[in-house]
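Here are the chains, one letter per residue:
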Amino acid sequence: MKFWRLPLDAKDHSIPQGELVIIKDRCKGCNFCIEFCPNQVLKESSEFNKKGYHPPQVTKQGECVNCNLCEIICPEFAIYSELKTYKELTSEDILNYSKKFGA
Amino acid sequence: MKIRHRTLVPFDPQSTTRLREEQHGLHPDDVYLKPGRIPHIWCPGCGLGVVLNTYINGLKMAGLPVDRTAVVSGIGCTGRVAGYLNMDTYHTTHGRAIPFATGLALVRPDLTVTVFSGDGDLFAIGGNHFIHAARRNINLKILCVNNFNYGMTGGQAAPTTPVAARTTTTPYGNFEHSFNLPFLAYASGAVYVARWTTFHARHLVTAIAESLTRKGFTFIEVIAPCPIGYGRPNKLGSGLDEMKFYRENSLVQNDADPREADIGLKGKIIVGKFIDQSRPTFDQVYEENILKKFTRSA
Ligand SMILES: Cc1ncc(C[n+]2csc(CCOP(=O)(O)OP(=O)(O)O)c2C)c(N)n1
Ligand code: SF4
Ligand code: SF4
Ligand code: SF4
Ligand SMILES: [Mg+2]
């Protein structure tokens, strides 16, 4: 989808911001959360956990939109997100959105 | 030559207590899990953890309190869920989850009884129970994890193994026609029939919540990766590769004809909510036809 300008009702919308909690020692390194996060917030870390796997780490601080997908797709109950705050929708967000999903 | 023997470490009876103290409660969904049972036994990349997770989220979405629910499972990797969920669960013998759950659902109509089991358990050894419970429209919620093989016993062929797929018992490729589970469920009389893959976690949560609120026999098939039993002999890669395969090859078709929903080794997988209808449940017709005859009018 492509937006040409800031939608007129932009002030009625906001972007949720999530904070991630990763329980590193539970992770079995399946990478589901990393691959399927819609905002590519996560990355495999180089550190080893107790079991010898590489747990995910947050790369783009502040880009998690608290959608909870990583939380419901993790087979190990090793990651979840908590709503931290809401961010106002700016024309920059719209531009980034168009860039990411635009034709 | 000197032989050095390793000192034997006896089973640590404190390990469960320690796990419970160190690990339990770190995740908000831990209240739904029996203390000290996580990590579960499932392989890295296995889809079963995703189904367990989405089931818990489905319960939350349906707003069902855990003391009003029960989960019955059979034998297999999938059957292990009974040991992980912190609610009334029962791990039955192989193939007999439905008969046990039928008794439970009839005696305790106030409970929402889920049968959570594998494709082998429900459709090989337990196939007959499935069709008759569906025909009678017993108030059961069936959640079948289809990983196309018998995962637990070493990757043997199941009635769901697609034609040409290799398993330990079909080293030249399976030549038997496989069941199309949504069609089987629909033809047997299920009132709600859906299929999703573990990649469709969000749809799956909604479908589970929906099925929990329907009256009668509901059926959800969840296609899940089994990188060890099914992925390896068929060169499908890791669990993540199977998940990516689902992302690229699933066609969401709600209200699709279940007859068209066959699955091959490669090729498209039709997913969606296929059937959502209502018809009198076993309890209702029993009350209507039998119980009413014996209740004296005042
Ligand atoms: C009466 C009986 N027959 C055979 C077995 C061996 N057995 C254990 S699990 C299993 C198949 C499980 O397959 P499925 O239900 O697909 O579960 P999965 O492990 O794939 O999740 C079999 C045949 C058994 N435990 N009991
Ligand atoms: S909550 Fe959503 S956006 Fe945030 S990390 Fe998880 S999947 Fe990504
Ligand atoms: S989904 Fe869970 S187990 Fe898999 S990599 Fe992410 S945190 Fe680890
Ligand atoms: S054998 Fe297959 S189904 Fe069983 S735990 Fe391993 S990956 Fe999962
Ligand atoms: Mg199986």
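Look up a bit, the structure's there.
These figures come from a predicted structure and were not determined experimentally. (Residues numbered from 1 in each chain as written. Chains lettered and ligands numbered in written order. Predicted model: local features only at pLDDT ≥ 70, side-chain atom pairs only at ≥ 80, totals over all residues. Heavy atoms only, no water.)

Student: Explain the packing of aromatic side chains to me, please; I cannot follow it from the model alone.
Tutor: Note on aromatic pairs: each is described by the distance of the centres and the angle between the planes. Residues and elements named next belong to chain B. With the rule as written, the count across this model stands at ten aromatic pairs over all chains. Relative to Phe116, the ring of Tyr55 has its centre 5.6 Å away and its plane inclined at 75°; by these criteria the two rings are edge-to-face. Here the residue Tyr55 occupies a position in helix α2 (residues 48-62), and Phe116 occupies one in strand β3 (residues 112-118), the gap between them amounting to 61 residues. Phe116 matches Tyr55 in its accessibility class, with the two residues each being buried. Residues Tyr90 and Phe100 carry aromatic rings whose centres are separated by 4.1 Å and whose planes lie at 10° to one another, so their mutual orientation is stacked. With a gap of ten residues between them, Tyr90 in strand β2 (residues 88-91) and Phe100 in helix α4 (residues 97-107) connect regions that are remote in the sequence. Members of the aromatic cluster, each reached through a chain of ring pairs, are Phe123, Phe130, Phe217 and Phe219. (Phe/Tyr/Trp six-rings, centres within 6.5 Å; stacked < 30°, edge-to-face > 60°. Helix = DSSP H or I, 4+ residues; strand = E, 2+ residues; numbered from the N terminus. Buried < 20%, exposed > 50% of the residue type's maximum accessible area, 1.4 Å probe, protein only.)

Student: Help me out: how do you make sense of the site of ligand 4 in this one?
Tutor: In the vicinity of ligand 4, the residues found are Trp42, Cys43, Cys46, Leu48, Cys77, Asn147, Gly151, Cys226 and Pro227 of chain B. Split into classes, the residues belonging to the shell around ligand 4 amount to seven nonpolar, two polar and no charged. (Near = heavy atom within 4 Å. Nonpolar A, V, L, I, M, F, W, Y, C, P; charged D, E, K, R; others polar.)

Student: Would you mind showing me how to read the interface of chain A and chain B here?
Tutor: Where interface size is quoted, it is often the accessible area lost as the parts come together. With 25 residues of chain A in contact, the opposing surface of chain B contributes 35 residues. Regarding the contact of chain A and chain B, the summed buried area is about 2,400 Å², with carbon and sulfur atoms giving 62% of it. Broken down residue by residue, the surface that chain A buries against chain B is led by Arg26, Ile72 and Phe77 of chain A, which jointly contribute 31%. Scanning the region where chain A abuts chain B turns up four salt bridges. In this structure, Asp30 of chain B engages Arg26 of chain A in a salt bridge whose closest nitrogen and oxygen atoms are separated by 2.7 Å. Our count for the chain A to chain B interface comes out at eleven residue pairs in polar contact (both at pLDDT 80 or more). Mapped onto the side of chain A that touches chain B, the elements with two or more residues apiece are α1 (32-36), α2 (69-73) and β4 (79-88) of chain A. Counted by class, the side of chain A that touches chain B contains 15 nonpolar, two polar and eight charged residues. (Contact = heavy atoms within 4.5 Å. Buried area = accessible area lost by both parts, 1.4 Å probe. Salt bridge = Lys/Arg side-chain N within 4 Å of Asp/Glu carboxyl O. Polar contact = N/O pair within 3.5 Å; in protein donor to acceptor, adjacent residues only side chain to side chain.)

Student: So what exactly am I meant to see when it comes to the coordination of the magnesium ion (ligand 5) here?
Tutor: Four donors placed tetrahedrally around a metal ideally meet at 109.5 degrees, and six donors placed octahedrally ideally meet at 90 or 180 degrees. Residues and elements named next belong to chain B. Within the protein, the atoms that donate to the magnesium ion (ligand 5) are Asp119 (OD), Asn147 (OD1) and Asn149 (O), at distances of 2.1 to 2.2 Å. Counting gaps between the donor residues of the magnesium ion (ligand 5) yields the pattern D-x27-N-x1-N. With Asp119 in helix α5 (residues 119-125) and Asn149 in strand β5 (residues 149-150), the pair connects residues that are 30 residues apart, well separated along the chain. Take Asp119 and Asn149: they sit in the same class, and that class is buried. (Donors = N, O, S within 2.8 Å, 3.2 Å for Na, K, Ca; no water.)

Student: Just checking my understanding: could you explain the site of ligand 2 for this structure?
Tutor: The immediate surroundings of ligand 2 are formed by Leu20, Cys37, Pro38, Val41, Cys64, Val65, Asn66, Cys67, Asn68, Leu69, Cys70 and Ser81 of chain A. Class assignment for the residues of the shell around ligand 2 results in nine nonpolar, three polar and no charged.

Student: Help me out: how do you make sense of the pairing of strand β4 (residues 140-146) of chain B in this one?
Tutor: Side-chain direction in a regular strand flips from residue to residue, so the side chains alternate between the two faces of the sheet. All names here are of chain B. Where burial is concerned, most of β4 is hidden: seven out of the seven residues are buried. Of the two faces of β4, the one lined by Leu140, Ile142, Cys144 and Asn146 and the one lined by Lys141, Leu143 and Val145 are each fully buried. When β3 meets β4, the two strands line up parallel, connected through six bridges. In the sheet register, Phe116 faces β4, and the bridge partner there is Leu143. Looking at chain direction, β4 and strand β8 (residues 218-223) are connected through six bridges and run parallel. Pairing of Asn146 across the sheet is with Ile223, part of β8. (Pairing = 2+ DSSP bridges.)

Student: Even after reading the chapter, I still don't get the nonpolar core, so can you show me in this structure?
Tutor: Among soluble globular proteins, nonpolar side chains are generally buried collectively. In terms of nonpolar packing, the biggest core is built from 53 residues, with Phe32 of chain A together with Leu52, Tyr55, Phe116, Leu143 and Ile220 of chain B touching the most fellow members. It is α2 of chain B that provides the largest number of residues to this core, a total of seven residues. Discounting residues that sit within four places of it in the chain, Leu52 of chain B has contacts with Phe77 of chain A together with Leu33, Trp42, Val81, Tyr84, Leu85 and Phe116 of chain B. (Core = buried A, V, L, I, M, F, W, Y, C linked by side-chain atoms within 4.5 Å.)

Student: Sorry, what's going on with the sheet that holds β4 of chain B here?
Tutor: Two pairing modes exist for strands in a sheet, parallel and antiparallel, and in both the strands are linked by backbone hydrogen bonds. Residues and elements named next belong to chain B. Taking strand neighbours across the sheet as the criterion, the eight strands line up as β2-β1-β3-β4-β8-β7-β10-β9 in an open arrangement whose pairing is mixed. The two strands at the open ends of the sheet, each matched to only one other strand, are β2 and β9 (250-252). Looking at each pair of strands side by side, their axes are set apart by 20° on average, direction ignored. Against the sheet, helix α8 (residues 201-213) engages β3, β4, β7 (192-197), β8 and β10 (269-276), with an angle of about 160° to β7. Strands β7, β8, β9 and β10 of the sheet are contacted by helix α10 (residues 239-249), whose axis makes an angle of about 45° with β9. (Axes fitted to C-alpha atoms, helices over the stretch in contact; angles between N-to-C directions.)

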